[in-house]
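Structural features, examined
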There are 2 protein chains.
Amino acid sequence: MAKHWKTMDGNMAAAHVSYAFTEVAAIYPITPSSPMAEYCDEWAAQGRKNIFGRIVEISELQSEAGASGAVHGALSAGSLTTTFTASQGLLLMIPNMYKIAGERLPAVFDVSARALAGHALSIFGDHSDVMACRATGFAMLAASSVQETMDMTAVAHLVAIDARMPFLNYFDGFRTSHEIQKIEVLDYDDLAKLVNYDAIEEFKADAMNPEHPYQKGTAQNPDIFFQATEAINRFYDDLPDTVADYMEKISKLTGREYFPFNYYGDPEAERVVVCMGSACQAAEETVDYLRARGEKVGLVIVHLYRPFSPKYFFKVLPATVKKIAVLDRCKEPGALGEPMYQDVCALFAEYAPAERPVIVGGRYGLGSKDTTPTQIKAVYDNLKSYKPMNHFTIGINDDVTRLSLPMGEEINAAPEGTIRCKFWGLGSDGTVGANKNAIKIIGDNTDMYAQGYFSYDSKKSGGITVSHLRFGKNPIKSTYLINNADFIACHKQEYLHQYDVLRGLKKGGVFLLNTQWTDMAALEEHVPAKVKRFIAKNDIQFYVINATDIAQEIGLGNRTNMIMMSAFFKLANVIPLEDAVKYMKEANEHTYGRKGAKVVAMNDAAVDKGCDAVIKIEAPAAWADAAEEACTCSCCSDRPDFIRDVCDPINAQEGDSLPVSAFLGIEDGRFPSGTSAYEKRGVGVLIPEWNKDKCIQCNQCSMVCPHATIRPVLLDEEEAAHKPAGFETLPVKAPKELAGLQFRIQVSPLDCLGCGNCADICPVKALEMKPLDSQMPQSENWKFAVEEVSDKSDRVNIHNVKNSQFAMPYFEFSGACAGC
Amino acid sequence: MAKHWKTMDGNMAAAHVSYAFTEVAAIYPITPSSPMAEYCDEWAAQGRKNIFGRIVEISELQSEAGASGAVHGALSAGSLTTTFTASQGLLLMIPNMYKIAGERLPAVFDVSARALAGHALSIFGDHSDVMACRATGFAMLAASSVQETMDMTAVAHLVAIDARMPFLNYFDGFRTSHEIQKIEVLDYDDLAKLVNYDAIEEFKADAMNPEHPYQKGTAQNPDIFFQATEAINRFYDDLPDTVADYMEKISKLTGREYFPFNYYGDPEAERVVVCMGSACQAAEETVDYLRARGEKVGLVIVHLYRPFSPKYFFKVLPATVKKIAVLDRCKEPGALGEPMYQDVCALFAEYAPAERPVIVGGRYGLGSKDTTPTQIKAVYDNLKSYKPMNHFTIGINDDVTRLSLPMGEEINAAPEGTIRCKFWGLGSDGTVGANKNAIKIIGDNTDMYAQGYFSYDSKKSGGITVSHLRFGKNPIKSTYLINNADFIACHKQEYLHQYDVLRGLKKGGVFLLNTQWTDMAALEEHVPAKVKRFIAKNDIQFYVINATDIAQEIGLGNRTNMIMMSAFFKLANVIPLEDAVKYMKEANEHTYGRKGAKVVAMNDAAVDKGCDAVIKIEAPAAWADAAEEACTCSCCSDRPDFIRDVCDPINAQEGDSLPVSAFLGIEDGRFPSGTSAYEKRGVGVLIPEWNKDKCIQCNQCSMVCPHATIRPVLLDEEEAAHKPAGFETLPVKAPKELAGLQFRIQVSPLDCLGCGNCADICPVKALEMKPLDSQMPQSENWKFAVEEVSDKSDRVNIHNVKNSQFAMPYFEFSGACAGC
């Protein structure tokens, strides 16, 4: 078979295979599963055929409850039916899942496993959702990587058809669903050869049909319900063998060996970890690392989680095992342990070898908490103890119930020769897109493997993006963020102040900064002392490029991404530069060709400039001793405890370092309100300027501001006497009891997000959107308004209520920082 | 404390206590939980006050999904909130349950645990629904009896308030929810003294409130979600102690000792069963039975299922235990074992005493399958083996996967002196109501304990009811149907032919038959041979009463129930007859007083007649050898396999005897259609008579008949030539191609349910409702129509399609029995 490689994420891998086997897909979108349904919808619109030569029929329902009902209906009518979901969406499907399993219908649910909302919502990955469905009677099949997602999805569909059994086919949300990997793509012709067509025919002949009616879904009374429930046993008894058979077929097709449980490690391991999902990949790296150091360790990778087969488990488990740690990516408060831990306990209680091993369980990776080889090594280290800790956690510091394992030194378990690159970008600045292109260029044009993972914060507008790219000669198993980088790029100079951008850059690594501070004097002035020290003490190769100005010059406006990609290829040295230039220019032709030669030429110029305009900076030796000037402003010293201890670290991308104790007293998920007052983001590009000559004092601008950054204020004589210079005011118009006061509309430039609602709604066009920089003096005015006038908010409210045509929502001025 | 006793079912017991602690109840009805909400709604309408002196605010939502959302909202606003549900209703609440638990909100969900719909729907009891919620973070508290339901519901509310933890408070659907028991009622004043009012104040102060706003339900990213999740550990760690504390308080109040796990049996038991829910009561009887025979056995009764506390488990488990059987009332296909079995395995894997006991698990009681001491004895017997069977079932005959334990002889484990009475009645004939009154009369007027359980079939109109009543000097723990009766009454003589009415009547027991066959000749003629033999061979005291005629005579119409109750009191000898008569007449006064003296007098007459009109029948010795005459009719000999092997036993109330193999090939829950053609019920009181002189041949009567028992037929000349005598016909009116045929509307009297739709819709009043008996000759006509004319259904369809103003649904005449 000719191998066909493509760079894609886990969602596309699952969708690619599911599309092949699907006749009907009933869908409802939910993060992180939505792209699967979107891909299928797009392919159907393009007329792509499944292996039966038909276009998949796709229906979006009103919710996941409806989607699962439609799935049940389509299956009952004899259609091979698929859906895609996660998290609460999957929970809404539970009632129908019992029905689908009870009626032996061959559904496949592709699930990008995600946390469930409890104390808080998390859109990120863990196994809480799939574990909540383990009682439904669905078979459950897990993949650990993007490649395995493609392969396991085929197994799920093939066995669903053959054994007439529904499958929950899952992989980790975000870590696998959104990780881009260069993988081998299964060919529809090859898949078609593996299908049991007799079973399909039988399924269709057996479907509900008015031509040969039967009844289903009847009520059964105590007399027969139990017996009928037991009649299904044989299907579950036989299923692991059927799964193993189809895994063998997929293994033959791909050369990748799959079993219900795979084993990785020392054939005579004494300490074994049992794990499921993406962390298995990091665990494989860890096993390699430890075995290279003479440790007898191994890993059981769970693929077929339900039915849980003792036969296949013991087939791979070394007889030498003495201690087992079961890692669960979920939490069941009140249970003796997490589900897979209890499974393994039950397994050994019944099928005990001569001597039972010690079994402990631990939680990891909840809500996409990064799971690294260092953490997994701690799990193996724990098993060295005479009495290993049970019910431990890794990846966090639990200073309350003290369940977290002690971490050893950070280890680097990735294979020799992996190149790791990290990029700090601004949401929508094109960094992520450029990085995806870079992966594709390397993946599709060379024999190297490539991996990309993109982490975002929750601030959709003007948030940050951190791209994690790896390249190497071997398949990349590092299913965790880059903590030991060869190359770091920062696409926004302000981030040097906000974030610890250089953390994890290796000694002698490359740091590329997009900045307008291109000369030494500017760098001396603006680069924070902490960054200077890091560069000097770690022999960092420091480069700057003024991509912002270059983009303007060559006509690309604010689109710096092509320039930065080119600079990356020059400095990171993943492939020869001339090849990279060639591939980038080919990509330009491909991407922009139909927009005309001029656009192509501009982007080609960006490629050339990106290589040429990089400036190497020799860090002065004195940087090693650079010292911060302590900030003495009130907003730095007067921050409430919660802001300083919890919010500030989170906003500085340091939330991972918060211990469990940071959440004592707010275990129910509560957060104080008004925290954004302490987080001056300054991300409005255009913000409103008040024109007092037009204003009619209706206050509607203040009403519609979703962030309360535009507020009416009223000054008495004394206040007016010492207002800042630019603080222009008007005599208040109404009501009578406020006569004599001065009125002003005050904007907070650093809080405003620039949505323009205020300018839009103003009936007299008294607000005009102007660039943020030109409005910065307003910060002083805001500070005066908030600090001097805030305690007289009553009079503002009187004015608001009496003047506005809307009711004024209740608000108080909080003692917010005026922006320093 | 003055003890206050009342006769009530489990639903009322839960509702009584929950009402006390509830401020808001958001509800949606589902069997078998609906009465809880109904009671609360009624009490609220009557102005009953909770312990806070307020009327409970009750809202019915659009589904259980909405109810759980409203519960979440009400809790967030600081209201003590309760809901009532079961089965799929509970599944719809799962997403909100994660939220409620994550936010530490003190909800109580009262759940009458019920099976989940898989291959078939079951409205009956098992633990599948609550087990599906064990991952949500709710505390889970189980009760085993009606009395415990009252006591545990108090614990649930008190701890929910004290520990701010939501509780799933459950008891077995039907077996407990609908079992009537004489129990001690908890007094609101006593309950009020146990409440932690500081906790309530704190909860309310902490609720969401615009006066002191905070935010909740935020999104958390990978940086902090895991840590925040671990911050809750201490609440779960502490909960078992809090539960134990409040159980101690309830124990002090009631004299009934409760712990998270209760132990019953030999303090040095070697074989122990772990069980939860109503089967624990039957298991207690079994333990008594076995200990009386020298066996060292014991029982762990699970109350607090989550958090599952090793501390309290080992506190009660005898150190002498060698073998443990865990009984689960649910099934999780694909798991290594059911949930509680896996819990106990995990428990011993971690907290192993010096020598680990053998642990096995078994399933029982799915969908309210009756669980008897004989079955539980089989579980203890299984533990005697060197290697006991694991994953067994009891209560069924699994002849496929052979997991069912072998049953020993039927044992009678109820305490000496228990009187067991069983009544076969017709749905809506008043039998159940009379039995409920009988229990109340005995429960409320004597120091005897009383229990009532009522089993119905699924045929709402004209179905059968079997009432199971027990009376005794000790609390009644027999949580299973009566299989060893002192007294059996049959309120409908036809049942002697349809059902094995006498099964389980003890040697020398009393059999009372309501019948119009009051003389020996009639009895000789009508009583089936099987019944005769049973009576004669088992020294049955056989009594008859013609309650039907008596009721007519004294003006009670068809209401025979008071007469039958009186006869019961005379014969069953539960309390002295003169007391019973007095109590019954007092009850008449109470019930009918406001309807006037005449009605009271009629019912008093029924009491007197019931005692007097009972006739003792001396069974002739020859009855011992009575022999059946084999029926040779075609409908008895020509029944399809599925009808004979599956439907007939089910309809004869013998479905319990069907083995698992009866369901092979229909594991997905399918049943053939058309089975009702083989079940001639004859329950229509008035059925339609066709008047050919009015009929316009529109066929609408046939269209609207929901049971297809009224059909147009068309005869050709040959058929018309040998039609039965009463088979009147008309020349067909239209269409042309059918000219020359004869038309008739034919009714099937024994299939018709007498709904009257046909008569209502007939535009020319050609159908008139007449008593079934007068229409029985139609059966011959139906037989002729079905057997002789059915293969010409095409022409009927042509006629239908062309004549009817509606489209005719597709149907075929099946070769149905004409009723023999």
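The structure we're discussing is the one just above.
Each value, and the rule that gives it
Residues numbered from 1 in each chain as written. Chains lettered and ligands numbered in written order. Predicted model: local features only at pLDDT ≥ 70, side-chain atom pairs only at ≥ 80, totals over all residues. Heavy atoms only, no water. Helix = DSSP H or I, 4+ residues; strand = E, 2+ residues; numbered from the N terminus. Buried < 20%, exposed > 50% of the residue type's maximum accessible area, 1.4 Å probe, protein only. Pairing = 2+ DSSP bridges. Axes fitted to C-alpha atoms, helices over the stretch in contact; angles between N-to-C directions. Contact = heavy atoms within 4.5 Å. Buried area = accessible area lost by both parts, 1.4 Å probe. Salt bridge = Lys/Arg side-chain N within 4 Å of Asp/Glu carboxyl O. Polar contact = N/O pair within 3.5 Å; in protein donor to acceptor, adjacent residues only side chain to side chain. Nonpolar A, V, L, I, M, F, W, Y, C, P; charged D, E, K, R; others polar. Least-squares fit on C-alpha atoms with pLDDT ≥ 70 in both. Expected span 1.5 Å × (residues − 1). Right-handed = clockwise from strand over helix to strand, strands pointing away. Phe/Tyr/Trp six-rings, centres within 6.5 Å; stacked < 30°, edge-to-face > 60°. Lys NZ or Arg CZ within 6 Å of the ring centre and 35° of its normal. Parallel < 35°, antiparallel > 145°, perpendicular 65-115°, else oblique. Left-handed = near helix turned anticlockwise from the far one by under 90°. Patch = residues over 30% accessible without salt bridge, like charges linked within 9 Å, V, L, I, M, F, W, Y side chains within 5 Å. Areas by Shrake-Rupley, 256 points an atom, 1.4 Å probe, with all protein chains shown as cover. Lys, Arg positive; Asp, Glu negative; His and termini not counted. Charge placed at Lys NZ, Arg CZ, Asp CG, Glu CD.

Relative to the elements of secondary structure, A677 of chain A occurs in the loop between β24 (671-672) and β25 (686-690). When its relative accessible area of 10% is taken as the criterion, A677 of chain A is described as buried.

As a further point, take the sheet that holds strand β5 (residues 108-113) of chain B. Residues and elements named next belong to chain B. Taken together, 7 strands build an open sheet; the order of strands is β3-β2-β4-β5-β7-β6-β13 and the sheet is mixed. Looking at which strands have only one partner, the edges of the open sheet turn out to be β3 (57-60) and β13 (304-306). Strand after strand, the sheet turns through a mean of 20 degrees between neighbouring axes, direction not considered.

Attention shifts here to the interface of chain A and chain B. Often the size quoted for an interface is simply the accessible area lost on bringing the parts together. Taken residue by residue, the interface counts 105 residues in chain A and 105 residues in chain B. Taking both sides of the interface into account, the surface hidden between chain A and chain B amounts to around 9,400 Å²; carbon and sulfur atoms contribute 60%. At the junction of chain A with chain B, the criterion picks out 8 salt bridges. The residue K331 of chain B makes a salt bridge to E230 of chain A at a minimum N-O spacing of 3.2 Å. Where chain A meets chain B, there are 52 residue pairs in polar contact (both at pLDDT 80 or more). Of all the secondary structure elements, the ones that give two or more residues to the side of chain A that touches chain B are α4 (87-102), β9 (214-215), α9 (225-230), α10 (233-254), α13 (339-350) and β24 of chain A. Among the elements that make up the side of chain A that touches chain B, the one with the highest residue count is α13 of chain A (8 residues). Grouping the constituent residues of the side of chain A that touches chain B by class yields 52 nonpolar, 28 polar and 25 charged.

Here the focus is the pattern of salt bridges. The full count for this structure, using the stated rule, is 89 salt bridges over all chains. R256 of chain A is the salt-bridge partner of D151 of chain A, the closest N and O atoms lying 2.7 Å from each other. On the criterion of sequence distance, the pair formed by D151 of chain A in helix α6 (residues 146-163) and R256 of chain A in the loop between α10 and β10 (261-265) is long-range, its members being 105 residues apart. The burial state of D151 of chain A is the same as that of R256 of chain A; both residues are buried. With its nearest N and O atoms 2.8 Å apart, the salt bridge here joins K204 of chain B to E23 of chain B. Residue K204 of chain B is found in helix α8 (residues 197-205), and its partner E23 of chain B is found in the loop between α1 (10-21) and β2 (24-27); the two are separated by 181 residues along the sequence. For K204 of chain B, a relative accessible area of 34% corresponds to the partly exposed category. Linked through salt bridges whose partners overlap, the residues forming this network are R271, E295, K377, D381 and K384 of chain A.

Right, let's get into the relation of the copies chain A and chain B. Two chain copies, one operation linking them: a rotation about an axis together with a shift along it. Mapping chain A onto chain B is achieved by rotating through 180 degrees and translating by 0.0 Å along the same axis, at an RMSD of 0.1 Å. Viewed as a symmetry operation, the transformation between the two copies matches a two-fold axis.

One turn of the α-helix equals 3.6 residues, which is why residues spaced by three or four share an orientation. Residues and elements named next belong to chain A. Taking 1.5 Å per residue, 14 residues should reach 20 Å; helix α11 (residues 279-292) reaches 20 Å between its end C-alpha atoms and fits that length. Most of α11 is tucked away, with 11 of its 14 residues classed as buried. Among the residues of α11, those classed as buried are A279, C280, Q281, A282, A283, E284, E285, T286, V287, Y289 and L290. Where α11 ends, the next residue or the one after it, G294, has phi of about 85 degrees, a positive value.

All names here are of chain A. By the criterion of burial, strand β11 (residues 271-275) is predominantly enclosed, with 5 of the 5 residues buried. Of the two faces of β11, the one holding R271, V273 and C275 and the one holding V272 and V274 are both buried throughout. Bridge count for β11 against strand β12 (residues 297-302) is 5 bridges, and the pairing is parallel. Within β12, the position partnered with C275 by the bridge is I301. In this fold, β11 hands off to α11, which returns the chain to β12; that crossover is right-handed. For β11 and strand β14 (residues 323-328), the ladder comprises 4 bridges, and the chain directions are parallel.

The next point concerns α6 of chain A. Residue and element names in this part refer to chain A. Across its 18 residues, α6 extends 25 Å between first and last C-alpha, which sits within 8% of the 26 Å expected from 1.5 Å per residue. Counting buried residues along α6, 17 of its 18 residues qualify, which places the element largely inside the surrounding structure. Taken from the residues just after α6, R164 is the one with a positive phi, measuring 45 degrees.

Turning to the sheet that holds strand β12 (residues 297-302) of chain B, a few remarks are in order. All names here are of chain B. Strand order in this open sheet of 6 strands is β10-β12-β11-β14-β15-β16, and the pairing throughout is mixed. On the outer flanks of this sheet lie β10 (261-265) and β16 (392-393), each paired with one strand and no other. Seen against the sheet, helix α13 (residues 339-350) touches β11 (271-275), β12, β14 (323-328) and β15 (358-363) and runs at an angle of roughly 145 degrees to β14.

Most peptide bonds are trans, and most residues other than glycine sit at a negative phi. Following R306 of chain A, the chain continues into P307 of chain A via a peptide bond in cis, with omega recorded as -5 degrees. Secondary-structure assignment places P307 of chain A in the loop between β13 (304-306) and α12 (310-316). Geometrically, the link from T31 of chain B to P32 of chain B is a cis peptide bond, its omega value of -5 degrees lying close to zero. Tracing the backbone shows P32 of chain B in the loop between β2 and α2 (34-45). Even without being a glycine, F174 of chain B presents a positive backbone phi close to 65 degrees. Turning to its location among the elements, F174 of chain B is positioned in the loop between β7 (167-172) and β8 (180-184). Owing to a relative accessible area of 8%, F174 of chain B belongs among the buried residues under this scheme.

Turning our eyes to something else, we now look at the packing of aromatic side chains. Within this structure, the stated rule accounts for 48 aromatic pairs over all chains. Considering the side-chain rings of F423 of chain A and F568 of chain A, the 5.2 Å spacing of their centres and the 70 degrees angle between planes classify their relative orientation as edge-to-face. With F423 of chain A in strand β17 (residues 419-426) and F568 of chain A in helix α20 (residues 561-572), the pair connects residues that are 145 residues apart, well separated along the chain. With respect to burial, F423 of chain A and F568 of chain A carry one shared label: buried. Connected via pairs of aromatic rings, a cluster forms that spans F261, Y305, F308, F313, F314 and F348 of chain A. Geometry around F727 of chain B places R744 of chain B over its ring, the cationic atom sitting 4.7 Å from the centre.

Our focus in this paragraph is the packing of helix α20 (residues 561-572) of chain B against helix α22 (residues 597-612) of chain B. All names here are of chain B. Viewed as axis vectors pointing N to C, α20 and α22 meet at an angle of 40 degrees, and their least axial separation amounts to 7 Å. In terms of their interaxial angle, α20 and α22 are classed as oblique. Helix-helix and strand crossings are classified by hand; for α20 and α22 the assignment is right-handed. Here M562, I563, S566, A567 and K570 of α20 come into contact with α22, specifically with N603, A606, V607, G610 and C611. When grouped by side-chain class, the residues that make up the contact of α20 with α22 number 6 nonpolar, 3 polar and 1 charged.

A word on the pairing of strand β18 (residues 449-456) of chain B. Residues and elements named next belong to chain B. For β18, the tally of buried residues reaches 6 of 8 residues, placing the bulk of the element in the interior. The pairing of β8 with β18 spans 2 bridges and is classified as antiparallel. What sits directly across from I180, in β18, is G452. Examined bridge by bridge, β18 and strand β19 (residues 464-472) share 8 bridges and lie antiparallel to one another.

Residue and element names in this part refer to chain A. Residues E38, D41, E42 and E60 make up a contiguous surface patch of negative charge. Per-element tally for the negative patch: the top contributor is helix α2 (residues 34-45), with 3 residues. Of note, D41 is situated in helix α2. Classification of D41 as partly exposed rests on a relative accessible area of 41%.

Turning to the side chain of T372 of chain B, a few remarks are in order. For T372 of chain B, the location among the structural elements is in the loop between β15 and α14 (373-382). If near-sequence neighbours (up to four positions away) are discounted, T372 of chain B is found in contact with Y480 and N483 of chain B.

Geometry only, nothing functional implied.
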